[in-house]
Amino acid sequence: MDLFRKAILHPGPPQDFALQTVQQVIKPQKQVKLVQDENQLLENMLRTLLQELVSAAVQSGEEIMQYGQSIADGETRHGQIPRLLDIVLYLCEKEHVEGGMIFQLLEDLTEMSTMRNCKDIFGYIESKQDILGKPELFARGKLVMLRTCNQLLRRLSKANDVVFCGRIIMFLAHFFPLSERSAVNIKGVFNTSNETKYEKEAPDCSSIDFNFYKTFWSLQEFFSNPASIAPALTKWHKFTSSLTVVLNTFEAQPLSDEEGNAINLEDESSNFSIKYLTSSNLIGLELKDPSFRRHVLVQCLILFDYLKAPGKNEKDLPSDTMKEEIKTCEERVKKLLETTPPRGKEFLHSIEHILERERNWVWWKRDGCPPFEKQPIEKKLGQDGGRKRRPRWRLGNKELSQLWKWADQNPNALTDPQRVRTPVIMDYWKPLAEDMDESAGIEEEYHHKNNRVYCWKGLRFSARQDLEGFSRFTEHGIEGVVPLELLPADVRSKYQAKPGDRSKRAKKEETKGSVQQVEESQIATPASETDADGSRIDPEASAAPTDTDAMVASGSLSQGGTPTPDEHQKQSSDTDAGLEAGQIEADTEAEAGMVDGETDAEVDLDVVA
């Protein structure tokens, strides 16, 4: 701990002494990079030292980021806490210590500081944005940085700390890539906690139309949660009726150019408003305010754009009647925006452009947030330093010309079996397995199971490569066909076969095997039942001699007493023949009963008859 205190006071750059200080304090196994236990020990020491420095700064009454700052020999020495952060940042950047250590220290520092000191701390974070955003550091600390910024936003006042909130949001927008899923609200969740409170009962001696006042401010309940309108027709009718009253009032009381020019909308103070006051005494003045009207009308366009947004399920789409009502109301709102001074047409054009970009944003989220970043294309220059001349191809481009060249030289190139390959079943079902993982947060409407072509191809591949998975389709649907190895443990248990189901399946297979054996024996029977002319013997005709022989045999036994050996041999052969014929008869009758749809009872009655 003392060595780090001395290192903080060292005047040179961190690369001159930072690594040597760590080696003296920790004495690591490796001379350049710390292992996990050593990183944890160093992190605990630095967090303790940071807490002591913050406590000393508070007791001295100085600003945290300026504690220990001094001017010596005409040079300004930085404070002790920024110095400590610079040392740790250098160690993390050079990968001598774990990359997330600097982010953990910054989180601890913001939690221990007041909002006044947090502005200076965040200024330090902004100054080190390029280093913190490097891939080796960003991957380790992006979640910690996101948590730190969100905690600051919760502590700040949205009315008094607007500039600081904007700095944090701008930092997050630059720090995280544009395709970061954690910042795009992929599920489209609305801030329903933003509740607008207004008067429910009319005040005494009020000269305003209180019914219009309640109708006007009740629209905010629908604007804060547009998702609740589409499923319920009663809410939609209530919204349209209230909106019609408001639009009729706006059209009956148009604003003149003088009223529009009375307020300079380019002035910063006129545009600064977090939330309008809802007092009933102010409704008359607010209706004459062009900025107030524009806020309400833009809210209407945003709600209409959400109801028409692409990427919804069929059940969430508006009905034909609702579409006509939306179109009618949207035209009225746009006309009011166009006639609202000053520069109504320019304002409407800007709003339409913003909503068009918002629709593209919705489509991008619906497609799974593919990355926007593309690798730069290196432009090759000729030997003389000028731009190389573009070649001319026989068939328009390189690929078609090369394909024609191959086919010309080798006619079998287009029929090569390696050109068309069946994908591996594990690779094909991997996108659907990722959709089934709840931790991925992918909405139901974006799942691959909604793609009929994808499911149809997958069933064909599973029928050829994975019969066990293909058999689960009847019970679990297309998600049951996904190989169990690709699914998380909690999802896999849902589709695994139970022991009882396995025993039933085994019995079913045994029954199927016995039926096949009977069918094979029945196929082999006609060969022994064919006479010299190749005609088939009637089963009932073959049964009659068997019964006669049996009766003769029984009669000879009753009359002659004990049979002789010759008679015994003859009797046994006759008995065997009778059993075989009886078996053939029973099988034939049972088969006829199955074909004709007869029951076992009907077959027995026919035999008795």
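Residues numbered from 1 in each chain as written. Predicted model: local features only at pLDDT ≥ 70, side-chain atom pairs only at ≥ 80, totals over all residues. Heavy atoms only, no water.

## Observations concerning the overall build of the protein
Heads up, the condition is: Where helices and strands are cited, they refer to DSSP runs of H or I of at least four residues and of E of at least two residues respectively, numbered from the N terminus. A 1.4 Å probe rolled over the protein chains alone gives each residue an accessible area, and that area as a share of the maximum for its type sets the label: buried under 20%, exposed over 50%, partly exposed in between. Computed by Shrake-Rupley with a 1.4 Å probe, the accessible areas treat only the displayed protein chains as cover when residues are assessed.
What the protein contains, in helices and strands, is 28 helices and 2 strands. Scored against the burial criterion, the 609 residues of the protein give a buried share of 32%. Counting every atom, the protein has about 40300 Å² of accessible surface; 52% of that belongs to carbon and sulfur.

## Topic: a nonpolar patch on the surface
Quick note on the threshold: A patch is a set of surface residues, each over 30% in relative accessible area and not in a salt bridge, joined within 9 Å for like charges and within 5 Å for the nonpolar side chains Val, Leu, Ile, Met, Phe, Trp and Tyr. A pair is scored as a salt bridge if a Lys or Arg side-chain nitrogen falls within 4 Å of a carboxyl oxygen belonging to Asp or Glu.
Among the surface-exposed residues, Leu 395, Leu 400, Leu 403 and Trp 404 lie close enough to one another that they form a single nonpolar patch of about 370 Å² accessible area. Positionally, Leu 400 belongs in helix α18 (residues 398-409). For Leu 400, a relative accessible area of 43% corresponds to the partly exposed category.

## Side note on the environment of Tyr 276
Filter applied, for reference: In what follows, a contact means two residues having at least one pair of non-hydrogen atoms within 4.5 Å. A 3.5 Å cut-off defines polar contacts: any pair of N or O atoms within that distance qualifies, except that in protein one atom must be a possible hydrogen donor and the other a possible acceptor, and neighbouring residues in sequence count only when both atoms are side-chain atoms.
In this structure, Tyr 276 sits in the loop between α13 (268-271) and α14 (283-287). As for Tyr 276 and Thr 196, which are separated by 80 residues in sequence, their C-alpha atoms are 9.5 Å apart. Tyr 276 has contacts with Trp 217, Glu 286, Asp 289, Ser 291, Phe 292 and His 295, leaving out every residue within four places of it along the chain. Separated by 3.4 Å, the side chains of Tyr 276 and Ser 291 make a polar contact.

## Comments concerning unusual backbone geometry
Cis geometry is adopted by the peptide bond preceding Pro 342, which originates at Pro 341 and carries an omega value of -5 degrees. Tracing the chain through its elements places Pro 342 in the loop between α16 (320-339) and α17 (344-366). In this structure, Glu 95 takes a positive phi of about 65 degrees despite not being glycine. Position of Glu 95 relative to the elements: it lies in the loop between α4 (80-93) and α5 (101-112). Owing to a relative accessible area of 42%, Glu 95 belongs among the partly exposed residues under this scheme. At Arg 343, a position not held by glycine, the phi torsion is positive, near 50 degrees. Its place among the elements puts Arg 343 in the loop between α16 and α17. Given the relative accessible area of 48%, Arg 343 is considered partly exposed.

## Overview of helix α3 (residues 36-60)
What counts, and what does not: For a helix, the expected span equals 1.5 Å multiplied by the residue count minus one.
For α3, spanning 25 residues, the distance from its first C-alpha to its last is 36 Å, which sits close to the expected 36 Å at 1.5 Å a residue. Those residues of α3 lying buried are Glu 38, Asn 39, Leu 42, Glu 43, Met 45, Leu 46, Leu 49, Leu 50, Leu 53, Val 54 and Ala 57. Buried positions along α3 lie against α1 (2-8), α2 (18-26), α4 and α5. Looking one or two residues past α3, Gly 61 carries a phi angle of roughly 80 degrees, positive in sign.

## Observations regarding the pattern of salt bridges
Oppositely charged side chains can form a pair if their charged atoms are brought close together. Applying the stated criterion across every chain, the model contains 18 salt bridges. The salt bridge involving Glu 251 is made with Arg 332; its shortest N-O contact spans 3.0 Å. With a gap of 81 residues between them, Glu 251 in helix α11 (residues 233-252) and Arg 332 in helix α16 connect regions that are remote in the sequence. The exposure class assigned to Glu 251 is partly exposed, which follows from its relative accessible area of 39%. For Arg 332, a relative accessible area of 21% translates into the label partly exposed. What you see here is one network of salt bridges that share partners, running through Lys 308, Glu 330, Lys 334 and Glu 352.

## Regarding the packing of aromatic side chains
For clarity, the threshold we go by: Side-chain rings of Phe, Tyr and Trp, where Trp is taken by its six-membered ring, are said to pair if the distance between their centres is within 6.5 Å; with planes under 30 degrees apart they count as stacked, over 60 as edge-to-face, and otherwise as tilted.
The final tally for this structure, using the stated rule, is 22 aromatic pairs. Consider the rings of Phe 138 and Phe 176, whose centres lie 5.6 Å apart with planes at 70 degrees: the pair is edge-to-face. Linking Phe 138 in helix α8 (residues 135-155) with Phe 176 in the loop between α9 (162-175) and α10 (210-224), this pair joins segments that are 38 residues apart in sequence. Across this residue pair, the class does not change: Phe 138 and Phe 176 are buried.

## Here's the deal with the nonpolar core
Under the convention used in this document: Remark: nonpolar core denotes a set of buried residues (Ala, Val, Leu, Ile, Met, Phe, Trp, Tyr, Cys) joined through side-chain atoms within 4.5 Å.
Grouped together as the largest cluster of nonpolar side chains are 56 residues, with contacts concentrated most on Leu 42, Ile 81, Ile 102, Leu 109, Leu 132 and Met 145. Elements represented by at least two residues in this core include exactly α1, α2, α3, α4, α5, α6 (115-127), α8 and α9. Here this core takes 9 residues from α4, the largest share from any one element. Leave out the neighbours within four places in its chain, and Met 145 touches Phe 103, Leu 106, Ile 125, Leu 132, Phe 171 and Phe 175. One finds Phe 216, Trp 217, Phe 250 and Val 296 within the second-largest nonpolar core, a separate group that totals 36 residues.

## Observations regarding a positive patch on the surface
To be explicit about the condition: In this count, Lys and Arg are taken as positive residues and Asp and Glu as negative ones, while His and the chain termini are left out. Charge positions come from single atoms, namely NZ of Lys, CZ of Arg, CG of Asp or CD of Glu.
Positive charge collects at one region of the surface, where Lys 200, Lys 214, Lys 235 and Lys 238 lie side by side. Take Lys 238: it is sitting in helix α11.

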